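These are the residues of each chain, in order.
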Amino acid sequence: MSTLTNEVPTQSAGVGQPLLSLEGITKNYGPNTVLKDVSFEIGKGEVVGLLGDNGAGKSTLVKIMSGVVPMSSGRYLWEGEEVNRVTRPETERRGVETIFQDSALVPTMSITRNIFAGREITNRFGFMKLREMDAITTEILDSVVSIEGIRSAKQLVSSLSGGQAQAVAIARAVHFKRSLLILDEPTSALAVRATEALLNYLVQLKGEGVSSVLVTHNLHHAYKVCDRHIVMNHGRKILDTPREDTSVEELTAAVVEGAEGVKRFRQGKPLA
Amino acid sequence: MTISTPEGTGQSAPLALEEQAPTRRRLADSQPTTTAARLKDSLYYLRGRGALEISAVYLAILLGFIITALVNPAGFAFVNSNNLSGVLSQNIPVLAILAIGAGVLMIAGEFDMSIGATIALCGVVFIRTANSAGWPVAFVATVAVGIAVMLINGAIVVSTKIPSFIATLGMSFFWTGVSIYVNGSTPATFFPGVRTDTMVNLMAGNYGYFRSQLVWLVLVGVASWFFLHRHRAGNKLYAVGGNAAAAAAVSIKPKAVRLQAFAFLGLMVGIASSLYVARTSGMQPGTTESYTLLAIAAAVVGGCSLTGGRGSVTGMVVGSALILTIENGLVLGNAPGFYVQLFLGVAIVIAAVFNKFMEGKAT
């Protein structure tokens, strides 16, 4: 049974304790409140779709989940245990990896140096083992993502096409993820088939017990692979529903018209 | 469609981000295996990184100067122990060490306009400390003051988020004022006997065709190269300068990294100032201002980007050598003072344009 937010929170589709619970997350940027009292759970091995129109607060939520931006108030519980200061090192330690909308690579650095930035393989004096890092990068690019046109791990990211750079960002996240993979509009720079492959991959990750959060504008993509859908509207969560209780049409109504749209849809009235 | 992860069974195909040709080559199979091929590969991926092309230009100019000097030793006294030791090997190291400091800071995406003023303060500190406690203590104190000055500059830039250009320009006047306050308006000089033979031999010794400063440059250059290009701290510098938001997303702290870069510049200014006063035996606050822009110009000529994220130690050193060698050649060729500046300016701009062009060819 799906619920509107003001009611009891939905049970996550995962088994047992949720991997991540967010409780009452609020985020203010100066006088602007971009997230208002958002709560939801991500179960182990669950694929969650995070949907909403531009400005709904999805990207801010992603940044808070990945520890890049601090929340103003709220609780962040990892496997039931509260994390007091949610920083990127904390989330990294827990195996959270994010593919950001703007791919978050350094254009002036090589693919290898990008993949290992901040996580360099070094000897005990901190000197990098570049040849080993190059070899692993080559291996990741071959085995994790497969995309034409990359000739060497030593290439600068600035010399890659948008799709190739996105593939590098995906490869990095996939390589380092251990528990939760967050994808913020990952398919924006990808071709149709690449998108399909990536979506299928999320389903496969479930089998390995890795959860994922898919942020997207494309409701058809989300509906196809996500176990549960969360719809955001003006900084609030307005819908949190398992896949089987909803439809692309209901999600569309929620994204376009917010809570009103959902109510109208459930009363059987067509979109305004 | 099947997908695998690196931990997978190896039976399934990778996450195919595009339609695959049946004969698609694996990246791993196309990588060089022999030492020669690996070397060629490394050289290929050095293109447009700032060091390779400018080094070639410098070697060409150097070769031209040497040939001219050999053909006409009287008219163009380039290859001559006085010139090599007295001009090149005592000027280039000081500028190159400063350029390494300025360049490393530029890679992190920041500037410092107070390098010249800090040299004056450091020089005064070296001389006055040497006068009272001897030169080894003075060297340590000078380096410490250099680092402290730059950490203060860095803290202002990092905490207030004002552009480093304007913040350090303001601080440049402040540090000049501090050095005059510390020293008074007359030049600082060593007391008799303070400038010992050991100190001179180590920091400004003349060994025929070269001076001890050159040894310092080699040591500082090699250490900086390993720090910048092979140490994880250097990797973080490039990440912060190239895309600070991306760096923060992988647990790098941009503010801390920028402060490190300021401190590194302070270390370099401390060393360069010590070498400078060991040779000149005196320091007048306000006379070293030109080093600020010269160091930045040397770094830019050597391939550092004004927007951060690009540059190499080799480039910074060669950039310094290029500027000073051209200046030396102009002086030896009897260009009047005015034209030296004119040609030098043109050479710097051409070198920077050339580097920008080569940057576009980088892969």
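Residues numbered from 1 in each chain as written. Chains lettered and ligands numbered in written order. Predicted model: local features only at pLDDT ≥ 70, side-chain atom pairs only at ≥ 80, totals over all residues.

Draft legend 1. Representation of the overall build of chain A within the structure. A tally of regular secondary structure across chain A gives eight helices and 11 strands. For chain A, whose C-alpha radius of gyration is 19 Å, the value lies close to the compact-globule estimate of 19 Å for 272 residues. Oriented by its inertia axes, the alpha-carbon framework of chain A measures out at about 60 × 40 × 40 Å. Per-residue burial for chain A yields a buried fraction of 53% across its 272 residues. When contacts within chain A are restricted to residue pairs at least 6 apart in sequence, those whose partners lie at least 24 apart make up 66%. (Helix = DSSP H or I, 4+ residues; strand = E, 2+ residues; numbered from the N terminus. Rg over C-alpha atoms; globule rule 2.2 N^0.38 Å. Buried ≥ 20, exposed ≤ 12 C-beta atoms within 10 Å, placed from the backbone. Contact = placed C-beta atoms within 7 Å.)

Draft legend 2. Region of interest: the overall build of chain B. Helix and strand counts for chain B come out as 14 helices and five strands. Oriented by its inertia axes, the alpha-carbon framework of chain B measures out at about 85 × 55 × 35 Å. Considering chain B as a whole, with its 363 residues, one finds that 48% of them fall into the buried category. Pairs at least 24 apart in sequence give 76% of the contacts found in chain B among residues at least 6 apart.

Draft legend 3. Structural context of the environment of Lys253(B). Turning to its location among the elements, Lys253(B) is positioned in the loop between α10 (244–248) and α11 (254–280). In this structure the C-alpha to C-alpha distance between Lys253(B) and Val178(B), which are 75 residues apart in sequence, comes to 32 Å.

Draft legend 4. Examining the packing of helix α4 (residues 115–133) of chain B against α11(B) more closely. Residues and elements named next belong to chain B. Axis separation between α4 and α11 bottoms out at 8 Å; the angle between their running directions is 60°. Of the possible angle classes, the one that applies to α4 and α11 is oblique. Relative to α11, α4 is oriented so that their crossing is right-handed. Between α4 and α11, the contacting residues are Ile115, Thr118, Ile119, Cys122, Gly123, Phe126 and Ile127 on the first element and Val269, Gly270, Ala272, Ser273, Ser274, Tyr276 and Val277 on the second. A per-class count over the contact of α4 with α11 returns nine nonpolar, five polar and no charged. (Axes fitted to C-alpha atoms, helices over the stretch in contact; angles between N-to-C directions. Parallel < 35°, antiparallel > 145°, perpendicular 65-115°, else oblique. Left-handed = near helix turned anticlockwise from the far one by under 90°. Nonpolar A, V, L, I, M, F, W, Y, C, P; charged D, E, K, R; others polar.)

Draft legend 5. Molecular detail of the interface of chain B and chain A. Residue-level contacts link 40 residues of chain B with 49 residues of chain A. For the side of chain B that touches chain A, the elements supplying multiple residues, two or more each, are β1 (15–16), α8 (212–230), α9 (232–242) and α10 of chain B. Here the element with the most residues in the side of chain B that touches chain A is α9(B); it accounts for seven residues. Taken together, the residues of the side of chain B that touches chain A break down into 22 nonpolar, 11 polar and seven charged.

Draft legend 6. Region of the structure containing the packing of helix α5 (residues 135–160) of chain B against α11(B). All names here are of chain B. Where α5 contacts α11, the axes come no closer than 7 Å and their chain directions differ by 145°. As α5 packs across α11, the resulting crossing turns out to be right-handed. Taken together, the residues of the contact of α5 with α11 break down into 17 nonpolar, eight polar and two charged.

Draft legend 7. Summary view of the sheet that holds strand β4 (residues 73–78) of chain A. Residue and element names in this part refer to chain A. Taken in spatial order, the four strands of this open sheet run β2-β1-β4-β5, and their pairing is antiparallel. Pairing within the sheet leaves two strands with one partner each, and these edge strands are β2 (32–42) and β5 (81–82). Relative to β4, strand β1 (residues 20–29) runs antiparallel, the two sharing five bridges. Looking at β4, one finds that Ser21 is bridged to Leu77. Against the sheet, helix α1 (residues 58–66) touches β1 and β2, its axis set at about 60° to β2. (Pairing = 2+ DSSP bridges.)

Draft legend 8. Structural view of unusual backbone geometry. One non-glycine residue, Glu185(A), lies in positive phi territory at about 45°. By secondary structure assignment, the location of Glu185(A) is in the loop between β8 (180–184) and α6 (192–207). One non-glycine residue with positive phi stands out, namely Ser251(B), at about 70°. A count of 19 C-beta atoms within 10 Å places Ser251(B) in the partly exposed class.

Draft legend 9. Fine view of the sheet that holds strand β3 (residues 47–52) of chain A. Residues and elements named next belong to chain A. The mixed open sheet is built from six strands, whose spatial order is β6-β8-β9-β3-β10-β11. A single partner strand is all that each edge strand has here, and the edge strands are β6 (96–99) and β11 (236–242). Taking each pair of neighbouring strands and ignoring which way they run, the sheet shows an average axis angle of 15°. Where β3 lies against strand β9 (residues 211–215), four bridges are found, and the strand directions are parallel. Note that in β9 the partner of Val48 across the bridge is Val213. Its contacts with the sheet put α1 on β3, β6, β8, β9 and β10 (228–233), and the angle it makes with β8 is roughly 155°.

Draft legend 10. Looking closely at α4(B). Residue and element names in this part refer to chain B. Between its terminal C-alpha atoms α4 stretches 26 Å, which fits the 27 Å expected from 19 residues at 1.5 Å a residue. Burial analysis of α4 places 15 of its 19 residues in the buried class, which makes it a mostly covered element. Note on α4: the residue one or two positions beyond its end, Gly134, has a positive phi of about 90°. (Expected span 1.5 Å × (residues − 1).)

Draft legend 11. Up close: the nonpolar core. Residue and element names in this part refer to chain B. If you look at the biggest cluster of nonpolar residues, it comprises 183 residues, and the most contacted ones within it are Leu98 and Ala295. With 15 residues, the top contributor of residues to this core is α11. Once residues within four sequence positions are removed from consideration, Ala295 is found in contact with Leu95, Leu98, Ala99, Ala102 and Ile115. (Core = buried A, V, L, I, M, F, W, Y, C linked by C-beta atoms within 7 Å.)

Draft legend 12. Structural detail: the confidence of the model for chain A. Here chain A averages 86 in pLDDT, and 93% of its residues register 70 or above. Here strand β7 (residues 145–146) of chain A stands out as the element of chain A with the lowest mean pLDDT, 72, in contrast to helix α3 (residues 111–115) of chain A, whose mean of 95 is the highest. (pLDDT = per-residue confidence, 0-100.)

Draft legend 13. Structural view of the environment of Leu84(B). All names here are of chain B. By the secondary structure assignment, Leu84 is in helix α3 (residues 81–107). Placed 258 residues apart in sequence, Leu84 and Leu342 show a C-alpha to C-alpha distance of 23 Å. What Leu84 contacts, discounting residues up to four positions off in sequence, is Ser89, Tyr209 and Phe210.

Draft legend 14. Structural view of the confidence of the model for chain B. Residues and elements named next belong to chain B. Of the residues in chain B, 93% reach a pLDDT of 70 or more, and the chain-wide mean stands at 89. Here β1 is the element of chain B with the lowest mean pLDDT, 67, and α5 is the one with the highest, 97. Predicted confidence is poor over residues 1–12, with pLDDT under 50, and the contacts of this stretch with residues over four places away or in other chains come to 22 contacts.

Draft legend 15. The arrangement of the environment of Leu267(B) in detail. All names here are of chain B. You can see Leu267 is positioned in helix α11. Under the C-beta neighbour-count criterion, Leu267 is labelled buried, with 21 such atoms within 10 Å. When the C-alpha positions of Leu267 and Met283 are compared, they lie 19 Å apart, and in sequence the two are 16 residues distant. In this structure, Leu267 is in contact with Val143, Gly146 and Ile147, ignoring residues within four places of it in sequence.

Draft legend 16. Quick look at the pairing of β4(A). The sheet contact formed by β4(A) and β5(A) spans two bridges and is antiparallel. Across the sheet, Trp78(A) pairs through a bridge with Glu81(A), a residue of β5(A).

Draft legend 17. Broad picture of the domain arrangement of chain A. All names here are of chain A. The assigned domain composition of chain A is domain 1 (1–95 + 178–272) and domain 2 (106–176). Here the C-alpha centroids of domain 1 and domain 2 sit 29 Å apart. Each side of the interface is counted separately: domain 1 has seven residues, and domain 2 has five residues. (Domains from an automatic or database assignment.)

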